[in-house]
Amino acid sequence: MGLFSNVLLLPLAPVRGVLWVAQVLADVASKELNDPQTLRARLREAEDAHRRGEISAEDLDRIEDAVFSQLVALQQRGGVS
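This is a predicted model, so every value here is computed, not measured. (Residues numbered from 1 in each chain as written. Predicted model: local features only at pLDDT ≥ 70, side-chain atom pairs only at ≥ 80, totals over all residues. Heavy atoms only, no water.)

Visitor: Can you explain the overall build of the protein? Please cite residues and give values.
Guide: For the protein, the helix and strand inventory stands at 4 helices and 0 strands. Since a compact globule built from 81 residues should have a radius of gyration of about 12 Å, the 21 Å found for the protein marks it as more spread out than a globular shape. The buried share of the protein, reckoned over its 81 residues, is 14%. Put simply, the protein shows about 6,300 Å² of open surface, and 61% of that area lies on carbon and sulfur atoms. (Helix = DSSP H or I, 4+ residues; strand = E, 2+ residues; numbered from the N terminus. Rg over C-alpha atoms; globule rule 2.2 N^0.38 Å. Buried < 20%, exposed > 50% of the residue type's maximum accessible area, 1.4 Å probe, protein only. Areas by Shrake-Rupley, 256 points an atom, 1.4 Å probe, with all protein chains shown as cover.)

Quick look at the structure:
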C-alpha cells in the first residue's frame, strides 16, 4: 500500500485490528476444540466427575456422544491418529 492509501485507511485501523484479534481467537479456539488430546481429556474429566457423583449418567452419555462424534469427524477428515 502506498502512503496515500495508508492515510485514507487510517481511520479503519482499529476495526482491522479487532477483526484480526477475533480471527486469531477463532483459530485458537478451533484448534483447541478439534485437538484429539483435548477431547480425550474432556472425556476423562467427565468420567471422573461421574465417578465423584458430580454429573448424572445421562450427562455423561451426552458428553461421551459429543466427544465421540467430534473424534469420528476428525478421523474422517484425517486429523486423528
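Let us keep going from here.
Visitor: Outline the packing of helix α3 (residues 36–51) against helix α4 (residues 57–77), listing residues and values.
Guide: With their axes 10 Å apart at the nearest point, α3 and α4 run at an angle of 165 degrees to one another. Considering their axes alone, α3 and α4 lie roughly antiparallel with respect to each other. Note that α3 runs across α4; the crossing there is left-handed. Of the residues in α4, those in contact with P36, L39, R42, L43, A46, E47 and H50 of α3 are A57, L60, I63, E64, A66, V67, F68, Q70, L71 and L74. Here the residues of the contact of α3 with α4 sort into 12 nonpolar, 2 polar and 3 charged. (Axes fitted to C-alpha atoms, helices over the stretch in contact; angles between N-to-C directions. Parallel < 35°, antiparallel > 145°, perpendicular 65-115°, else oblique. Left-handed = near helix turned anticlockwise from the far one by under 90°. Contact = heavy atoms within 4.5 Å. Nonpolar A, V, L, I, M, F, W, Y, C, P; charged D, E, K, R; others polar.)

Visitor: Summarise the environment of N34; cite the residues concerned and give the values.
Guide: Take N34: it is sitting in the loop between α2 (13–33) and α3. Residue classification places N34 among the partly exposed residues on the basis of a relative accessible area of 28%. Taking C-alpha positions, N34 is 15 Å from D65, a pair spaced 31 residues apart along the chain.

Visitor: Residues and numbers for a nonpolar patch on the surface, please.
Guide: The grouping of W20, V21, V24, L25 and V28 at the surface amounts to a nonpolar patch, some 490 Å² of accessible area in total. By the element assignment, V28 lies in helix α2. Residue classification places V28 among the partly exposed residues on the basis of a relative accessible area of 48%. (Patch = residues over 30% accessible without salt bridge, like charges linked within 9 Å, V, L, I, M, F, W, Y side chains within 5 Å. Salt bridge = Lys/Arg side-chain N within 4 Å of Asp/Glu carboxyl O.)

Visitor: Please give an account of the pattern of salt bridges that cites residues and values.
Guide: Under the definition given, this model contains 3 salt bridges. The closest approach of N and O atoms between D59 and R62, which form a salt bridge, is 2.0 Å. Here the residue D59 and the residue R62 both occupy positions in helix α4, the gap between them amounting to 3 residues, near one helical turn. Judged by relative accessible area, D59 falls into the partly exposed class, the value being 26%. Judged by its relative accessible area of 54%, R62 falls in the exposed class.

Visitor: Describe the side chain of E64, naming the residues involved and giving the relevant values.
Guide: With respect to the element layout, E64 can be found in helix α4. In this view, E64 contacts L43 and E47; residues no more than four positions away in its chain are not counted.

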